[in-house]
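Summary of structural features
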There are 2 protein chains.
Amino acid sequence: MRRSIEDTSIVFIGAGNLATNLAKALYDNGFRIIQVYSRTEESARALAQVVEATYTTDLSSVVTDAQLYIVSLKDAAFVQLLPEIVAGKENALWVHTAGSIPMDVWADKVNRYGVLYPMQTFSKQRVVDFQHIPIFVESNSEADTRFLKAVASVLSKQVYEATSEQRKNLHLAAVFTCNFTNHMYALAAGLLKKHQLPFEIMLPLIDETARKVHEIEPHLAQTGPAIRYDENVINNHLQMLSDEPEMQELYRLISESIHRQNS
Amino acid sequence: MRRSIEDTSIVFIGAGNLATNLAKALYDNGFRIIQVYSRTEESARALAQVVEATYTTDLSSVVTDAQLYIVSLKDAAFVQLLPEIVAGKENALWVHTAGSIPMDVWADKVNRYGVLYPMQTFSKQRVVDFQHIPIFVESNSEADTRFLKAVASVLSKQVYEATSEQRKNLHLAAVFTCNFTNHMYALAAGLLKKHQLPFEIMLPLIDETARKVHEIEPHLAQTGPAIRYDENVINNHLQMLSDEPEMQELYRLISESIHRQNS
């Protein structure tokens, strides 16, 4: 009997935002998550319950007979714990989910290894639809690359092979695109709060700014005082931020950067 | 016979991105745009054609019998040209569309005046749906405020009164929310281009980042290396940007700002 790819037995090492969303997506698509490890019992149990797995907070109790181990930890913890994580399970297929960690981190630790990087922002309290999330895979063998692409393709329509070098640059671009963008929202939210104005009022502008770059390249989609080099407005805004030196400095540098890129 | 509000005769002073989008929206909703002024003939003609108006590049040829004059110029040009703009038309209703200019700019120039500020990012090549654009109005009389709210309500479901002080802060927040966000997209696009990676691959992340703050406050929606204070990743990224000192400096400052806001 030919077994389907969803029969792959999977262990999750880590139960953070990304692990939680990825494990749920795999579970919802019929994969068998057999165990979840997390340093904190609360996180381990919460995720294990949802995906009908067992859980542990002890790395030495992680089962040794899973086919695929997915490691999704904070980068520093991952590198530090690596020998302990893989001990006794060196012949399984190991992947991590980090944009920033090269595949070679596995090289002298296990025999079959790779990366499965879903490029998206994940929060535990929000379910995301994996179908349109680009997933980048890489492994040290053609067979495992094919296998990882097959796994990823069950979740998403956008599955790509990417080298560690490409993935590293994608991740850096994602930090600007997502984390720094979100911080611009957060700074605006703080400013509005200070003046008793609701953040919700910004949502149409946020949505249109995002939609616009589906059609127009970002540097051509730019509007506002910086690209017009409207010094009156820029100086007024800097003045308004005089009691927020950090925001003032960011305002000045980003405005200069916009002006330079477009002049 | 009671005349409908759409019979209001309107002149546009300015034919830039905002003027173009606002004039089209008014025209599409049945308002009569009778004339368009722009410093450049090309812009004046282009907009006038679409809204079936006459056009001029000479301020002294602007008709004197319109009921509503909408001025949408770069802030510096507006302030400088103001006496010339209103000459001979001091009894009409005048509004400007700028977030950053207080209503008082009109005070000793004309008798009836105000502001109609649609808070959105406008590009000429992209038609936006005004229905969900917040429009903020203000005037020096209750009757004209009612009238401006009625005009704005034909276009949008989100019409608010806002003082010049509130509008100024909304505009500053909008610069962070829209212009600076778009610049984060642009910086990412430049980085991807340098590594032969397509910007399109970022669109799901851009969309999710925008959607997320409909449900979760921005500072709670934050993810990525800065909020985890993952120094390994942050230092790698700074290293990767060593030949882009401007982006490197922005990366450093924004990451510090994220870390400080959330610690």
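Residues numbered from 1 in each chain as written. Chains lettered and ligands numbered in written order. Predicted model: local features only at pLDDT ≥ 70, side-chain atom pairs only at ≥ 80, totals over all residues. Heavy atoms only, no water.

The name an unreviewed UniProt entry gives chain A is DUF2520 domain-containing protein, with Bacteroides eggerthii as the organism.

**As for the overall build of chain A**
When helices and strands are counted, chain A shows ten helices and eight strands. Seen through its C-alpha atoms, chain A measures out along the principal axes to roughly 70 × 35 × 35 Å. When each of the 263 residues of chain A is scored for burial, the buried share is 57%. Within chain A, contacts between residues at least 6 apart in sequence are counted, and of these 54% link residues at least 24 apart. When the 24 basic and 31 acidic side-chain charges of chain A are each reduced to a single mean position, those positions are 2 Å apart. (Helix = DSSP H or I, 4+ residues; strand = E, 2+ residues; numbered from the N terminus. Buried < 20%, exposed > 50% of the residue type's maximum accessible area, 1.4 Å probe, protein only. Contact = heavy atoms within 4.5 Å. Lys, Arg positive; Asp, Glu negative; His and termini not counted. Charge placed at Lys NZ, Arg CZ, Asp CG, Glu CD.)

**Re the packing of aromatic side chains**
All told, the structure shown has 18 aromatic pairs over all chains when counted by the stated rule. Between A:Phe176 and B:Tyr251, the ring centres sit 6.0 Å apart and the planes meet at 55 degrees, which makes this aromatic pair tilted. Separated into two different chains, A:Phe176 in helix H5 (residues 164-194) and B:Tyr251 in helix H10 (residues 245-261) make up a pair that spans both. On the accessibility criterion, A:Phe176 (0% relative accessible area) is buried. Put simply, the rings of A:Tyr69, A:Phe78, A:Trp94 and A:Trp106 pair up and form one aromatic cluster. (Phe/Tyr/Trp six-rings, centres within 6.5 Å; stacked < 30°, edge-to-face > 60°.)

**So, the packing of H5(A) against helix H6 (residues 203-212) of chain B**
Two elements in contact, H5(A) and H6(B), have axes separated by 10 Å at closest approach and are oriented at 20 degrees. In terms of orientation, H5(A) lies roughly parallel with respect to H6(B). For H5(A) against H6(B), the interelement crossing comes out right-handed. Contact with H5(A), carried on its side by A:Ala174, A:Thr177, A:Cys178, A:Thr181, A:Asn182 and A:Tyr185, involves B:Leu205, B:Ile206, B:Thr209 and B:Ala210 of H6(B) and no other residues of that element. (Axes fitted to C-alpha atoms, helices over the stretch in contact; angles between N-to-C directions. Parallel < 35°, antiparallel > 145°, perpendicular 65-115°, else oblique. Left-handed = near helix turned anticlockwise from the far one by under 90°.)

**Digging into the UniProt feature "domain: Pyrroline-5-carboxylate reductase catalytic N-terminal" (unreviewed entry) in chain A**
The positions that UniProt labels "domain: Pyrroline-5-carboxylate reductase catalytic N-terminal" (unreviewed entry) are, in the present scheme, residues 10-87 of chain A. Here residues 10-87 of chain A is 44% helix and 22% strand, with 17 Å between the C-alpha atoms at its ends. (UniProt positions renumbered as here; feature names shortened; annotations may be inferred.)

**Structural notes on the nonpolar core**
If you look at soluble globular proteins, the nonpolar side chains tend to sit buried side by side. Of all hydrophobic cores here, the largest spans 126 residues; its most connected members are A:Trp106 and A:Met202. Ignoring sequence-local partners within four residues, the contact set of A:Met202 consists of A:Leu192, B:Met119, B:Leu170, B:Ala173, B:Ala174 and B:Thr177. (Core = buried A, V, L, I, M, F, W, Y, C linked by side-chain atoms within 4.5 Å.)

**A word on the sheet that holds strand S8 (residues 159-161) of chain B**
By definition, the strands of a sheet pair up through backbone hydrogen bonds, in either a parallel or an antiparallel sense. Residues and elements named next belong to chain B. In space, the eight strands of this open sheet follow the order S3-S2-S1-S4-S5-S6-S7-S8, with mixed pairing throughout. Strand pairing shows two members of the sheet lacking a second neighbour, strand S3 (54-56) and S8, which therefore form its edges. The sheet shows a mean angle of 25 degrees between the axes of neighbouring strands, direction not considered. As paired elements, strand S5 (residues 93-96) and strand S6 (residues 112-118) share four bridges and run parallel to each other. Note that in S6 the partner of valine 95 across the bridge is glycine 114. Sitting on the sheet, helix H3 (residues 75-86) is in contact with strand S1 (9-13), strand S4 (68-71) and S5, with an inclination near 165 degrees to S5. (Pairing = 2+ DSSP bridges.)

**Focus on the domain arrangement of chain A**
All names here are of chain A. As assigned here, chain A comprises domain 1 (3-161) and domain 2 (166-259). Placing the centre of domain 1 and that of domain 2 at their C-alpha centroids yields a distance of 34 Å. Facing the 14 residues of domain 1 at the interface are seven residues of domain 2. Buried surface at the junction of domain 1 and domain 2, both sides included, amounts to about 690 Å², of which 61% is carbon and sulfur. At the boundary of domain 1 and domain 2, one finds one salt bridge. As a salt-bridge pair, arginine 167 and glutamate 138 come within 2.7 Å of each other at their nearest N and O atoms. Linking domain 1 to domain 2 there are three residue pairs in polar contact (both at pLDDT 80 or more). Counting residues per element, the ones that place at least two in the side of domain 1 that touches domain 2 are strand S6 (112-118) and strand S7 (135-139). A per-class count over the side of domain 1 that touches domain 2 returns eight nonpolar, four polar and two charged. (Domains from an automatic or database assignment. Buried area = accessible area lost by both parts, 1.4 Å probe. Salt bridge = Lys/Arg side-chain N within 4 Å of Asp/Glu carboxyl O. Polar contact = N/O pair within 3.5 Å; in protein donor to acceptor, adjacent residues only side chain to side chain. Nonpolar A, V, L, I, M, F, W, Y, C, P; charged D, E, K, R; others polar.)

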